[in-house]
Amino acid sequence: MFQPAKLKPVKAEVSRHAGLRIQDDVAKPPRWARLNYFAGQLQLKSLTFLAAVKAIGTIGLQNEYDKRKLRIFNLLNFLCLVAGIIVPLVGLLGDHQLPTTAWIIAFAPAMVSILVLMLNYYHRYEAGMVTYFVLYPVITSFVYLNGINLGVDLFFILYGILSVFFIPRISDMLFSIGLSMISYFMLSVVLKHYNYKLESVNFGLYLFNQGLAICFIFYGLFLVKKENTGYETLLLNKNKELQEINALIEKQKAETAQKAQLLEQQTLQLKELNTLKNKLFSVVSHDMKAPMYALRNLFQNVQQLDLPGEEIKEMLPEVVNDLNYTTDLMENLLQWAKTQMQASTVHAQEFDIAETIKDVLRPLGLSAKAKQIQVVHQLTKAIYVYADRDMINLVLRNLISNAIKFTPASGSIFIHVQTHSDHVEVFIKDTGIGIDSEEAGHLFNNFYTNTGTANESGTGLGLILCKEFLAKNGGSINVQSEKGKGSTFSFTLPVII
């Protein structure tokens, strides 16, 4: 927006080449620019003033809806104040001889509006409502009852319409509507004979009053509709914000619950690892010492006592049995430690499970032959699975070793593989001592230990590792056993489709 500045004269400049004196005119802004500037300033100050009028008494109100209603009420009272000043002035300029009562009544609306605005300013909202919706109809009725018809009867309709929006209590609203409508009916329909009719004295002012009443009615309805629409939009926006906040809270609650569940799972895993650690320390400190002491005692006796070969042969089976146990235990411990250090990394690849079973059977064949156990399998063709080969090698070694350990002499072990569309299932069935169903349910969760048919020892760590390794490779393990009738261990592995 243009702002006029202090005008400074431009000094004359003499041209050296032409010898001519050039004098610039004093810069003056165009007239239209100055008019636009002053019009803009007037408009800004008017809007600021109206905003101040509308804000009368709104400070301290907590309810947004009440603030909106009070702003409309203040604006309507201000407009009534302006109209209450303009109408008498129009009458004075017209130089019409109006009754003294008419002049007093003509200025009454302005006085009522001033009183209402003052009451609102001091936060006497209910008193302001009563003043507006009672005094205005009463004063207007008083005018008509004194035989003066100023053509303002349509204002009764305005009071009735506005009372519906502004008055909160139903009883007060019905009283205001009844007062306005009865007054309108009695003064405009029933009592038609007046000593003074503005319509006859000044028809133009009469039309002005009627038009002013109509304008107030429509403008009041427009303001009410506008504020209601604005308030509904505000509520919808707030409702949308609340829905977004609720969605965010629900999301955070879900994330918190998920984190709590994860933390609970981690706590459970830590407890299980702590139990496993304590068991491993117990194994390392106790079970691994016995075979070492037995082997040391054997060599000390051979060295110090010069034992004959026959006695040494009698001692060897027990020492070999202890060494086999120690070897299996060390392999399981090393594999478990490896998985813990590598953060459960699985190196999956496609390999032939049939060939892997044959590789595991070669070193275990001596243990089976020593107990005269027959191992039967029909693995004549390649069967491919997708898993970590080292982990599955340990699973097979533990399951086949357990089958040999708990199968009596001259028993049998049957190994076969069954293929499916998306997985392969390996079965290892023995004719051993078996276990009851209650014990079978705890094989893969606790350190289940039992003595083999040839007094072989065990820690139970192997079966726990089998379950863990198979789960990491997308497989599962199952057992079916009956006391005295042998056991069947089976596990599944995925295949590449």
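Residues numbered from 1 in each chain as written. Predicted model: local features only at pLDDT ≥ 70, side-chain atom pairs only at ≥ 80, totals over all residues. Heavy atoms only, no water.

**Here we look at the overall build of the chain**
Then, in step 1: When its secondary structure is counted, the chain shows 14 helices and 11 strands.
Then, in step 2: Taking all 497 residues of the chain together, 37% fall into the buried category.
Then, in step 3: Carbon and sulfur atoms provide 59% of the accessible area of the chain, an area that totals close to 30600 Å². (Helix = DSSP H or I, 4+ residues; strand = E, 2+ residues; numbered from the N terminus. Buried < 20%, exposed > 50% of the residue type's maximum accessible area, 1.4 Å probe, protein only. Areas by Shrake-Rupley, 256 points an atom, 1.4 Å probe, with all protein chains shown as cover.)

**Here we look at the environment of Val164**
Then, in step 1: Among the structural elements, Val164 can be located in helix α5 (residues 155–166).
Then, in step 2: Along the chain, Val164 and Ile177 lie 13 residues apart, while their C-alpha atoms are 7.8 Å from each other.
Then, in step 3: Discounting residues that sit within four places of it in the chain, Val164 has contacts with Met173 and Ile177. (Contact = heavy atoms within 4.5 Å.)

**Digging into the side chain of Ser176**
Then, in step 1: By the secondary structure assignment, Ser176 is in helix α6 (residues 170–190).
Then, in step 2: Take Ser176: its relative accessible area is 2%, and that puts it in the buried class.
Then, in step 3: When sequence neighbours within four positions are dropped, the list of residues in contact with Ser176 reads Phe133, Tyr159, Ser163 and Ile167.

**Comments concerning the environment of Thr407**
Then, in step 1: Mapped onto the elements of the fold, Thr407 is located in the loop between α12 (389–405) and β8 (412–419).
Then, in step 2: Classification of Thr407 as buried rests on a relative accessible area of 0%.
Then, in step 3: C-alpha of Thr407 to C-alpha of Thr431: the two residues are 24 residues apart in sequence and 6.0 Å apart in space.

**Quick word on the packing of helix α4 (residues 125–145) against α6**
Then, in step 1: Their axes nearest at 10 Å, the elements α4 and α6 cross at an angle of 15 degrees. Compared by their axis directions, α4 and α6 come out roughly parallel. For α4 against α6, the interelement crossing comes out left-handed. Contact residues: α4 offers Phe133, Val134, Pro137, Ser141, Tyr144 and Leu145, while α6 offers Phe175, Ser176, Leu179, Ser180, Ser183 and Leu187.
Then, in step 2: Considering only residue class, the contact of α4 with α6 consists of eight nonpolar, four polar and no charged. (Axes fitted to C-alpha atoms, helices over the stretch in contact; angles between N-to-C directions. Parallel < 35°, antiparallel > 145°, perpendicular 65-115°, else oblique. Left-handed = near helix turned anticlockwise from the far one by under 90°. Nonpolar A, V, L, I, M, F, W, Y, C, P; charged D, E, K, R; others polar.)

**Focus on the pairing of strand β10 (residues 476–481)**
Along any regular strand, the residues point their side chains to alternate faces of the sheet.
Then, in step 1: Sheet topology places β10 next to strand β11 (residues 487–494); six bridges connect them, and they run antiparallel. In the strand pairing of β11, Gln480 is matched with Thr488.
Then, in step 2: In sequence, β10 turns back onto β11 through a hairpin of five residues, with Gly484 there showing a positive phi of about 80 degrees. (Pairing = 2+ DSSP bridges.)

**Thoughts on the side chain of Glu425**
Then, in step 1: Position of Glu425 relative to the elements: it lies in strand β9 (residues 423–430).
Then, in step 2: An unpaired buried charge is present at Glu425: no salt bridge exists, and Lys429, the closest side chain of opposite charge, is 13 Å distant.
Then, in step 3: Beyond its immediate sequence surroundings of up to four residues, Glu425 is in contact with His416, Val417, Gln418, His420, Ser490, Phe491 and Thr492. (Lys, Arg positive; Asp, Glu negative; His and termini not counted. Salt bridge = Lys/Arg side-chain N within 4 Å of Asp/Glu carboxyl O.)

**Overview of the packing of aromatic side chains**
Then, in step 1: Scanning the model with the defined rule gives 14 aromatic pairs in all.
Then, in step 2: Measuring from ring centre to ring centre gives 5.6 Å for Phe49 and Phe78, while their planes differ by 65 degrees; the resulting arrangement is edge-to-face. Of the two residues, Phe49 sits in helix α1 (residues 31–54) while Phe78 sits in helix α2 (residues 64–93), which places them 29 residues apart along the sequence.
Then, in step 3: Measuring from centroid to centroid gives 5.2 Å for Phe73 and Phe166, while their planes differ by 50 degrees, and the two rings are tilted. Separated by 93 residues along the polypeptide, Phe73 in helix α2 and Phe166 in helix α5 bring together distant segments of the chain. Here Phe73 and Phe166 have matching classes, each one buried.
Then, in step 4: An aromatic cluster of three or more residues is present, and its members are Phe73, Tyr132, Phe133, Tyr136, Phe155, Phe156, Tyr159, Phe165 and Phe166. (Phe/Tyr/Trp six-rings, centres within 6.5 Å; stacked < 30°, edge-to-face > 60°.)

**What to know about the packing of α12 against helix α14 (residues 461–472)**
Then, in step 1: Taken N-terminus to C-terminus, the directions of α12 and α14 make an angle of 145 degrees; their axes are 9 Å apart at the nearest point. Read as a crossing pair, α12 and α14 show a hand that is left-handed. Residues Met391, Ile392, Leu394, Val395, Asn398, Leu399 and Asn402 of α12 touch α14, and the partners they reach there are Gly462, Leu463, Leu465, Cys466, Phe469, Leu470 and Lys472.

**Some points on unusual backbone geometry**
Then, in step 1: The phi dihedral of His123 falls on the positive side, at around 65 degrees, and the residue is not glycine.
Then, in step 2: By the element assignment, His123 lies in the loop between α3 (100–121) and α4.

**So, the nonpolar core**
Then, in step 1: Among the nonpolar cores identified, the biggest contains 45 residues, and Ile353, Ile357, Leu396, Leu399 and Phe491 are the most heavily contacted of them.
Then, in step 2: Apart from residues no more than four positions distant in its own chain, Leu399 is found in contact with Ile428, Leu463, Cys466, Ile477, Phe489 and Phe491.
Then, in step 3: With 43 residues, the next largest nonpolar core counts Phe73, Leu75, Leu76 and Leu223 among its residues. (Core = buried A, V, L, I, M, F, W, Y, C linked by side-chain atoms within 4.5 Å.)

**Some remarks on the pairing of β11**
Then, in step 1: With respect to burial, β11 is a largely interior element, seven of its eight residues being buried.
Then, in step 2: Both β9 and β11 contribute to a ladder of seven bridges, which runs antiparallel. Among the inter-strand pairings, Val426 is bridged to a residue of β11, identified as Phe491.

**Brief notes about a nonpolar patch on the surface**
Then, in step 1: Together, Leu145, Ile182, Phe185, Met186, Val189, Val190 and Leu191 give the surface a local cluster of nonpolar side chains, amounting to about 630 Å² of exposed area.
Then, in step 2: Top contributing element to the nonpolar patch by residue count: α6, with five residues.
Then, in step 3: With respect to the helices, strands and loops of the structure, Met186 is situated in helix α6. (Patch = residues over 30% accessible without salt bridge, like charges linked within 9 Å, V, L, I, M, F, W, Y side chains within 5 Å.)

**Regarding the confidence of the model for the chain**
Detailed reading of the predicted coordinates is not advisable wherever pLDDT is low.
Then, in step 1: Mean pLDDT over the chain stands at 78; residues scoring 70 or higher make up 80%.
Then, in step 2: Within the chain, no element has a lower average pLDDT than strand β1 (residues 13–14), which sits at 42, and none a higher one than β9, at 95.
Then, in step 3: For the stretch residues 1–26, pLDDT sits under 50, and the model shows 23 contacts to residues farther than four places along the chain or on other chains. (pLDDT = per-residue confidence, 0-100.)

**Description of the pattern of salt bridges**
Then, in step 1: Evaluated as defined, the whole model comprises seven salt bridges.
Then, in step 2: Among the charged side chains, a network of salt bridges with common partners joins Glu355, Asp359, Arg362 and Arg389.

**Re α5**
Then, in step 1: Along its 12 residues, α5 runs 16 Å from first to last C-alpha, staying within 8% of the 16 Å computed at 1.5 Å per residue.
Then, in step 2: Across the 12 residues that make up α5, a large majority, nine, are buried.
Then, in step 3: Those residues of α5 lying buried are Phe155, Phe156, Leu158, Tyr159, Gly160, Leu162, Ser163, Phe165 and Phe166. (Expected span 1.5 Å × (residues − 1).)

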